[in-house]
Amino acid sequence: MRVDIFKSIIAFALAALLAYGCYCISGYESVRLIVTIGSFVAIGIPLFLALGLESKDERGSVLLRVASWLASTLQIVVNFVFAFFDFSIPFYIILNGLILIIFALIYRGIYKQHL
């Protein structure tokens, strides 16, 4: 696997813009900062893996990108839903962490099998 610097910068810039969007729509000052930081991390990791990495094996690469895009989409939806409500911070961290851990397990499984 090889890192494409330009696409990686695009992925993190997109994650930053989405995190700023969560910041802007969050109506609760008490959770605004945690939603912004959590959104950037939770959306940025799958986006980086979807856009920023390239592989020689086409089939494995497509499967990894599809899994990454699905995780990114799920994280975007979850974080924008959380931005609209006042919520428990531990629940938010645990839910985002579980989604990222399950994604990491799936990504690792596909990577080990195809690449």
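Before reading on, note that the structure itself is shown above.
As the structure is a prediction and not an experimental result, all values here were calculated from the model.

Student: Sorry if this is basic, but what is going on with the overall build of the protein here?
Tutor: Along the backbone of the protein there are four helices and two strands. The secondary structure elements of the protein, listed N-terminal to C-terminal, are β-α-α-β-α-α. Taking 13 Å as the expected radius of gyration for a compact globule of 115 residues, we find that the protein reaches 15 Å, a close match to that expectation. Each of the 115 residues in the protein was classed as buried or not, and the buried ones make up 39%. Carbon and sulfur atoms make up 75% of the accessible area of the protein, which amounts to about 6,800 Å² in all. Measuring between centres, the 8 positive side-chain charges of the protein sit 9 Å from its 6 negative side-chain charges.

Student: Hey, could you run me through the state of the cysteines in this one?
Tutor: Enumeration according to the criterion identifies zero disulfides in this entry. As a non-bridged cysteine, Cys-22 has Cys-24 as the owner of its nearest cysteine sulfur, 9.5 Å distant. The buried category is assigned to Cys-22, whose relative accessible area is 0%. Relative accessible area serves as the criterion here: at 44%, Cys-24 is assigned to the partly exposed category.

What counts as what
- Residues numbered from 1 in each chain as written.
- Predicted model: local features only at pLDDT ≥ 70, side-chain atom pairs only at ≥ 80, totals over all residues.
- Heavy atoms only, no water.
- Helix = DSSP H or I, 4+ residues; strand = E, 2+ residues; numbered from the N terminus.
- Rg over C-alpha atoms; globule rule 2.2 N^0.38 Å.
- Buried < 20%, exposed > 50% of the residue type's maximum accessible area, 1.4 Å probe, protein only.
- Areas by Shrake-Rupley, 256 points an atom, 1.4 Å probe, with all protein chains shown as cover.
- Lys, Arg positive; Asp, Glu negative; His and termini not counted.
- Charge placed at Lys NZ, Arg CZ, Asp CG, Glu CD.
- Disulfide = S-S within 2.5 Å.

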